[in-house]
2 protein chains.
Amino acid sequence: MDSPSSLKESMLYSILAGGKRLRPTLLLMTIDAFDQDSKLGIDVACAVEMIHTYSLIHDDLPSMDDDDFRRGSLTNHKIYGEALAILAGDGLLTHAFEVISKSECLDSHSKVDLISQLAKASGPEGMVGGQVADLEGEGKSLTIEALENIHKKKTGALLSFSIYAGAKIAGGTKEQMNHLAQFAKLLGLAFQIQDDILDIEGDETKIGKPIGSDVQNNKSTYPHLLTMDGAKEQLLKVVKEAKSHLYKANVNHEWLEHFTDYMISRDH
Amino acid sequence: MDSPSSLKESMLYSILAGGKRLRPTLLLMTIDAFDQDSKLGIDVACAVEMIHTYSLIHDDLPSMDDDDFRRGSLTNHKIYGEALAILAGDGLLTHAFEVISKSECLDSHSKVDLISQLAKASGPEGMVGGQVADLEGEGKSLTIEALENIHKKKTGALLSFSIYAGAKIAGGTKEQMNHLAQFAKLLGLAFQIQDDILDIEGDETKIGKPIGSDVQNNKSTYPHLLTMDGAKEQLLKVVKEAKSHLYKANVNHEWLEHFTDYMISRDH
């Protein structure tokens, strides 16, 4: 790529910083659940991870969450400075769309649909809107509905896109897509409840950022709104419902079910 | 659009702040030069202006050029704060790709090509890379080649895309596309030389930002490298060559020629 080496380095720093790769894994697993070749989705999977990574770089900035650590390492702006961190994020976001448009595994019609859905999931109506709502909710006492609406956009939209993209690439029927959409929505909710639980009960060395940062930032969380026991009960309920939709989708659900169990048993 | 009202307001503030609309005008004019209906390009024209606007919002941030005024009004972050300004930029960039993907005027194959070219022109190899090189060049004494390389990416790539998109939508031949690509490249160069001249000789109330900010920011400029007379001479030479390619493209060149003359006679 013909671009300044500092920019490439800053983009790669965050892309290669590790992380759980939940979104690309989910996308490829969903293709696999239809007995299709998961390689068909590799470019879209990379694009989703680029967009997720850009969102972390921008969320960590001093004017946003002001985090010094992410995944156990210094955040992008702590290494490269704010200007380059903002531009690395912009670069990853933009390049994600180029990667899908140039995929050799998909026809033009699929690419347009996936680009459209990815932009919607990550733009003002999706992830970017969720981050704004999240920042505006700090220090306020939110209802459980308001909290769910924030997470649905901030993290849920991109998780849902990952499953949608996998099913679309694999040629799922409308009914299958509908059940997987419900599964995705509930999986995203379970993910967030577990995140909130880990922010209180987690192990700092495993999470890679300080425990209690949500409390410090005055963020509403599920344990805060429902008590810790209530949050754990809600998590089990949501997971049960998620799985029921997964079974109804009539796909090889084994790996997606394991994935769901991992999501709620993970310690980071 | 179902997104936080503050985000919508911040995005609209910069989109509606005026500006010359050079890129969308150029795109629509190019379609017109082929005797095709310029309405075919309206969605792509909007997308280009969204991407240009996002780049201005991010460029103006305190960690970048730290500008308080743009187009005679306060910059986005001076009104909405840094966090919302960054997110408004992210939102505009993302939404641009959604707008093209949903255009009702274009087939899927054209959309994929235009998205790919737009992402390349505005991403790490294009505009974002140019902004990094520009920031890194501050305070350094650049050669004329290094300066041209920065501008080719930072402003030239998106201007070139606008003309490419218009010609592509209108169904230009390969030879026409080649001549228009040369025309676009030289027009972008002329644009930048005139910008540098205006930074010294312009009228602050018309430009909408302080005169001499390039000098203050220690930026290399054409008058600085070539003297003011040399820069003006270079401008005329570049414009003459640009026009020669425009004539060879064998289109109705009248409006594009007027546009070129306007570019070098403009006072803001």
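Residues numbered from 1 in each chain as written. Chains lettered and ligands numbered in written order. Predicted model: local features only at pLDDT ≥ 70, side-chain atom pairs only at ≥ 80, totals over all residues. Heavy atoms only, no water.

**A word on the overall build of chain A**
Helix and strand counts for chain A stand at 14 helices and 2 strands. The principal-axis extents of the C-alpha atoms in chain A amount to approximately 50 × 45 × 30 Å. When burial is assessed residue by residue, chain A has 57% of its 268 residues classed as buried. Once local pairs closer than 6 in sequence are excluded, the contacts in chain A between residues at least 24 apart make up 73%. (Helix = DSSP H or I, 4+ residues; strand = E, 2+ residues; numbered from the N terminus. Buried < 20%, exposed > 50% of the residue type's maximum accessible area, 1.4 Å probe, protein only. Contact = heavy atoms within 4.5 Å.)

**Focus: the pattern of salt bridges**
All names here are of chain A. Counting across every chain of the model gives 26 salt bridges over all chains. Residue Lys-243 is joined to Glu-257 by a salt bridge in which the shortest nitrogen-to-oxygen separation is 3.9 Å. Placement of Lys-243 in helix 13 (residues 228-248) and of Glu-257 in helix 14 (residues 254-265) is noted, with a sequence separation of 14 residues between them. Judged by its relative accessible area of 15%, Lys-243 falls in the buried class. Two residues, Lys-243 and Asp-261, come together in a salt bridge whose shortest N-O distance is 2.7 Å. One end of the pair, Lys-243, is in helix 13; the other, Asp-261, is in helix 14, with 18 residues separating them in the sequence. Through salt bridges with shared partners, a single network forms among Asp-59, Asp-134 and Lys-154. (Salt bridge = Lys/Arg side-chain N within 4 Å of Asp/Glu carboxyl O.)

**Notes on the packing of aromatic side chains**
Applying the stated criterion across every chain, the model contains 3 aromatic pairs over all chains. An angle of 70 degrees between the planes, with centres 5.7 Å apart, marks the rings of Tyr-13 of chain A and Tyr-80 of chain A as edge-to-face. Separated by 67 residues along the polypeptide, Tyr-13 of chain A in helix 1 (residues 5-15) and Tyr-80 of chain A in helix 4 (residues 76-80) bring together distant segments of the chain. With a centroid separation of 4.5 Å and an interplanar angle of 20 degrees, the aromatic rings of Phe-97 of chain A and Phe-97 of chain B are classed as stacked. Of this pair, Phe-97 of chain A sits in helix 5 (residues 82-101) while Phe-97 of chain B sits in helix 5 (residues 82-101), placing the two residues on different chains. Pair check on accessibility: Phe-97 of chain A and Phe-97 of chain B agree, each one buried. (Phe/Tyr/Trp six-rings, centres within 6.5 Å; stacked < 30°, edge-to-face > 60°.)

**Thoughts on the interface of chain A and chain B**
Listed as interface residues are 46 residues of chain A and, on the opposing side, 46 residues of chain B. Between chain A and chain B lies a buried interface of about 3800 Å² when both sides are counted; carbon and sulfur atoms form 69% of it. Connecting chain A to chain B are 2 salt bridges. Across the salt bridge formed by Lys-153 of chain A and Asp-2 of chain B, the nearest N and O atoms sit 3.5 Å from each other. Summed over the shared surface of chain A and chain B, the result is 10 residue pairs in polar contact (both at pLDDT 80 or more). When contributions to the side of chain A that touches chain B are tallied by element, the ones reaching two or more residues are helix 1, helix 3 (42-59), helix 5, helix 6 (108-122) and helix 7 (127-137) of chain A. Of the residues forming the side of chain A that touches chain B, the biggest block, 13 residues, is contributed by helix 5 of chain A. (Buried area = accessible area lost by both parts, 1.4 Å probe. Polar contact = N/O pair within 3.5 Å; in protein donor to acceptor, adjacent residues only side chain to side chain.)

**Brief notes about a nonpolar patch on the surface**
On the surface, a nonpolar cluster with roughly 250 Å² of combined accessible area is contributed by Phe-69, Leu-74 and Ile-79 of chain A. Look at Ile-79 of chain A and you get partly exposed, because its relative accessible area is 40%. (Patch = residues over 30% accessible without salt bridge, like charges linked within 9 Å, V, L, I, M, F, W, Y side chains within 5 Å. Areas by Shrake-Rupley, 256 points an atom, 1.4 Å probe, with all protein chains shown as cover.)

**Some details on the side chain of Ser-3 of chain B**
Tracing the sequence through the fold places Ser-3 of chain B in the segment before helix 1 (5-15). With relative accessibility at 9%, the residue Ser-3 of chain B sits in the buried group. Contacts of Ser-3 of chain B, omitting those with residues within four sequence positions, involve Pro-124, Glu-125 and Lys-153 of chain A together with Lys-8 of chain B.

**Quick look at the relation of the copies chain A and chain B**
Superposing chain A onto chain B requires a rotation of 180 degrees together with a translation of 0.0 Å along the rotation axis, leaving an RMSD of 0.0 Å. The transformation just described matches what one would write down for a two-fold rotation axis. No C-alpha of chain A approaches the rotation axis more nearly than that of Ser-108 of chain A, which lies at 2.8 Å. Of the interface residues in chain A, 100% have counterparts in chain B that sit at the interface too, so the contact is made through matching surfaces. (Least-squares fit on C-alpha atoms with pLDDT ≥ 70 in both.)

**Quick look at the state of the cysteines**
Scanning the entire structure with this criterion turns up 0 disulfides over all chains. Cys-105 of chain A supplies the cysteine sulfur nearest to Cys-46 of chain A, a cysteine that is in no disulfide, at a spacing of 10 Å. (Disulfide = S-S within 2.5 Å.)

**Side note on the packing of helix 8 (residues 144-170) of chain B against helix 9 (residues 174-201) of chain B**
All names here are of chain B. Running from amino to carboxyl end, helix 8 crosses helix 9 at an angle of 135 degrees, the nearest separation of the two axes being 8 Å. Classed by the angle they form, the pair helix 8 and helix 9 counts as oblique. Judged by the sense of rotation from one axis to the other, the crossing of helix 8 with helix 9 is right-handed. On helix 9, the residues that touch Glu-148, His-151, Thr-155, Leu-159, Ser-160, Ile-163, Tyr-164, Ala-167 and Lys-168 of helix 8 are Met-177, Leu-180, Phe-183, Ala-184, Lys-185, Leu-187, Gly-188, Leu-189, Phe-191, Gln-192 and Asp-196. (Axes fitted to C-alpha atoms, helices over the stretch in contact; angles between N-to-C directions. Parallel < 35°, antiparallel > 145°, perpendicular 65-115°, else oblique. Left-handed = near helix turned anticlockwise from the far one by under 90°.)

**A short note on helix 7 of chain A**
Within an α-helix, residues lying three or four positions from one another point in the same direction, as the helix has 3.6 residues per turn. Taking burial as the measure, the 11 residues of helix 7 of chain A include 8 buried ones, the bulk of the element. Among the residues of helix 7 of chain A, those classed as buried are Met-127, Val-128, Gly-129, Gly-130, Gln-131, Val-132, Asp-134 and Gly-137 of chain A. Looking at the packing, one finds that the buried side of helix 7 of chain A touches helix 3, helix 6 and helix 8 (144-170) of chain A together with helix 1 and helix 5 of chain B.

**Considering the environment of Asp-199 of chain A**
All names here are of chain A. The residue Asp-199 is located in helix 9 (residues 174-201) in this model. Given the relative accessible area of 6%, Asp-199 is considered buried. Residues Asp-199 and Thr-221 lie 22 residues apart in sequence; the distance between their C-alpha atoms is 9.3 Å.

**Observations concerning unusual backbone geometry**
Residues and elements named next belong to chain B. Located in the positive-phi region is Asp-35, a residue other than glycine, with phi close to 60 degrees. The backbone of Asp-66 shows a phi angle near 50 degrees, a positive value even though the residue is not glycine. Relative to the elements of secondary structure, Asp-66 occurs in the loop between helix 3 (42-59) and strand 1 (69-70). For Asp-66, a relative accessible area of 44% corresponds to the partly exposed category.

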